[in-house]
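Architecture at a glance
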Amino acid sequence: MLIVLATKNQHKIKEIKEILGADIHYQTLSDYLNIDIKEAGRTLMENSLAKATFTFKVSGKPSLADDSGLFVEALDGEPGIHSSRYGIDDEHRITKLLKNLGTKKNRKALFKAVFVYYYALNKYEVFEGECAGEIAYEPCGTEGFGYDPIFMPGKYKKTFAQLGQKVKNRISHRTKALTKFKKYLQRDF
Ligand code: IMP
């Protein structure tokens, strides 16, 4: 089967392919159009649905979108849906988040991913995943992307960037959502 991924983020593309496996043939929106889809929604779901709908309309093929973000409890859920726009690049975003959090004791945070699989006109399914953890006091590790150097999942005292891709792909928000998607595909085919 063929799925068009509604993202340009190479890290997300790599993770999605690793998690879903090689039985699927992948294309990306960039195979059809060179465009950045604006995120104008108020929720991850709205953004994900907009990306999947657009990609389906452009490609005419089943499309899968991922909108994700990091929700920090002591920052009232910020950066949340603004995760990709919280600063000009990953380094600025991390510096800003650590500065805003300061030395606060409550460092609880939640990574959330909302996938929308848009497979025919006005027909779609939603798959959500969460990964709870804590924000480190300083960036550590070199693997992954985005906020991985400051997010310590579950009871781990290491960040996603230190734990590496193998461990991340066992427990991440993306894995949890895509495991539901995989089950849905297996039920259908
Ligand atoms: P969007 O889904 O394209 O809006 O981007 C979400 C943003 O959240 C990314 O640019 C990253 O900064 C961050 N993010 C989402 N998932 C992850 C992850 O697995 N690790 C680190 N950062 C992530």
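Small disclaimer: the values here were computed from a predicted structure and weren't measured.

So, about the sheet that holds strand E1 (residues 2-5). Spatial ordering of the open sheet is given by E2-E1-E3-E4-E5-E6, a layout of 6 strands whose pairing is mixed. The sheet is open, and its two edges are formed by strand E2 (25-28) and strand E6 (151-153), each paired on a single side. Each strand axis lies, on average, 35° off the axis of its neighbour in the sheet, ignoring direction. Across 12 bridges, strand E4 (residues 108-120) lies against strand E5 (residues 123-135) in antiparallel orientation. Note that in E5 the partner of Tyr117 across the bridge is Glu125.

A few words on the site of the ligand. Lining the immediate surroundings of the ligand are 16 residues, of which Lys12, Glu39, Asp148, Lys168 and Arg174 lie closest. Contact between the ligand and Tyr147: a nitrogen atom at 3.1 Å from a main-chain N or O atom of the residue. About the coverage of the ligand: the protein hides 93% of its 480 Å² of free accessible area. With respect to the detected pockets, the ligand is housed in the largest pocket. Broken down by secondary-structure element, the contributors of at least two residues to the shell around the ligand are strand E3 (63-72) and helix H6 (173-188). Looking at the shell around the ligand element by element, the count peaks at 3 residues for E3. Classifying every residue of the shell around the ligand by side-chain character gives 3 nonpolar, 5 polar and 8 charged.

When the terminal C-alpha atoms of helix H2 (residues 44-59) are compared, their 22 Å separation across 16 residues agrees well with the 22 Å that a helix rising 1.5 Å per residue should span. The set of residues buried in H2 consists of Leu44, Asn47, Ser48, Lys51, Ala52, Thr53, Thr55, Phe56 and Ser59. Where H2 is buried, its residues touch E1, helix H1 (10-20), E3 and E4. Once H2 ends, the next one or two residues include Gly60, with phi positive near 70°.

The rules behind these values
- Residue indices follow the written sequence of each chain, beginning from 1 at its first position.
- Per-residue local features of the predicted model are confined to residues with pLDDT of at least 70, and side-chain atom pairs are confined, for both listing and counting, to 80 or more; whole-chain, interface and lining totals are unaffected and use all residues.
- Derived side-chain values reflect all non-hydrogen atoms in the structure, with water molecules and hydrogen atoms excluded from consideration.
- DSSP calls a pair of strands paired once it identifies at least 2 bridges connecting them.
- Runs of H or I in DSSP of at least four residues are treated as helices and runs of E of at least two as strands, each being numbered from the N terminus.
- Lines fitted to C-alpha atoms define the axes, with helix axes restricted to the stretch in contact, and inter-axis angles between N-to-C directions lie between 0 and 180 degrees.
- One heavy atom within 4 Å of a molecule or strand makes the whole residue count as near it.
- N or O atoms within 3.5 Å of each other form a polar contact, as long as, within protein, one can give a hydrogen and the other can take it, and as long as residues adjacent in sequence are counted only when both atoms are side-chain atoms.
- Here the open area of atoms and residues is found with the Shrake-Rupley method and a 1.4 Å probe, where only the protein chains shown may cover a residue.
- Here a cavity is any set of points on a 1 Å grid over the protein atoms alone where a 1.4 Å probe fits but cannot get out, and a pocket is any open set with protein on both sides within 12 Å along at least 5 of 7 lines; a residue lines the site when it has an atom within 4 Å of a point.
- Molecules are considered to sit inside a cavity or pocket once more than half of their atoms lie within 2 Å of its grid points.
- Polar here means any residue outside two lists: the nonpolar Ala, Val, Leu, Ile, Met, Phe, Trp, Tyr, Cys and Pro, and the charged Asp, Glu, Lys and Arg; Gly therefore counts as polar.
- Helix span, expected: 1.5 Å multiplied by one less than the number of residues in the helix.
- A 1.4 Å probe rolled over the protein chains alone gives each residue an accessible area, and that area as a share of the maximum for its type sets the label: buried under 20%, exposed over 50%, partly exposed in between.
- Contacts between residues were defined by any pair of non-hydrogen atoms, one from each residue, lying within 4.5 Å.

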